[in-house]
Amino acid sequence: MGKVAAKMKVMPNSPELDLDELEDKLEASLPEGAQINGFERDDVAFGLVAVLPTVLVADDAGGTEAVEEAFSGVEGVESVSVENVGRV
């Protein structure tokens, strides 16, 4: 079984949200077997900045679904989407 790297886009629900704290919460919420391989940030509009974690997960039937669900449950997250996926 291989690994997959998925770049995800996490939109905060407010431009005032502390993004460093959000990144820590996202990392803490990861399901077992998943890990974050870095964060990027993308200015969206009107002071809102998206967090773009690259997540490594096992290449099995669930894929990134468990990570998407975990990230969606983090306080301060408006939405989660997968931007790009590739094998490692």
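Residues numbered from 1 in each chain as written. Predicted model: local features only at pLDDT ≥ 70, side-chain atom pairs only at ≥ 80, totals over all residues. Heavy atoms only, no water.

### A word on the nonpolar core
Right, on to step 1. Leu26, Val55, Val67 and Phe71 are the most contacted members of the largest nonpolar core, which has 19 residues in total.
Right, on to step 2. Put simply, the parts of the chain that give this core at least two residues each are strand 1 (3-12), helix 1 (19-29), strand 3 (48-58), helix 2 (65-72) and strand 4 (77-87).
Right, on to step 3. Not counting chain neighbours up to four residues away, the residues in contact with Phe71 comprise Met8, Val10, Leu26, Ser29, Leu30, Ile36, Pro53, Val55, Val77 and Val80. (Core = buried A, V, L, I, M, F, W, Y, C linked by side-chain atoms within 4.5 Å. Buried < 20%, exposed > 50% of the residue type's maximum accessible area, 1.4 Å probe, protein only. Helix = DSSP H or I, 4+ residues; strand = E, 2+ residues; numbered from the N terminus. Contact = heavy atoms within 4.5 Å.)

### Re the pattern of salt bridges
Right, on to step 1. A complete count under the given rule lists 5 salt bridges for this structure.
Right, on to step 2. Among the salt bridges present, the one from Arg41 reaches Glu23, with a minimum N-O distance of 3.1 Å. Here Glu23 lies in helix 1 and Arg41 lies in strand 2 (residues 35-45), a separation of 18 residues in the sequence.
Right, on to step 3. Given a relative accessible area of 41%, Arg41 falls into the partly exposed group.
Right, on to step 4. Residue classification places Glu23 among the buried residues on the basis of a relative accessible area of 12%.
Right, on to step 5. A salt bridge links Asp59 to Arg87; its shortest N-O distance comes to 2.6 Å. You can see Asp59 sitting in the loop between strand 3 and helix 2 and its partner Arg87 sitting in strand 4, a full 28 residues away along the chain.
Right, on to step 6. We classify Arg87 as exposed; its relative accessible area is 67%.
Right, on to step 7. In this structure, a network of salt bridges that share partners links the residues Asp20, Glu23 and Arg41. (Salt bridge = Lys/Arg side-chain N within 4 Å of Asp/Glu carboxyl O.)

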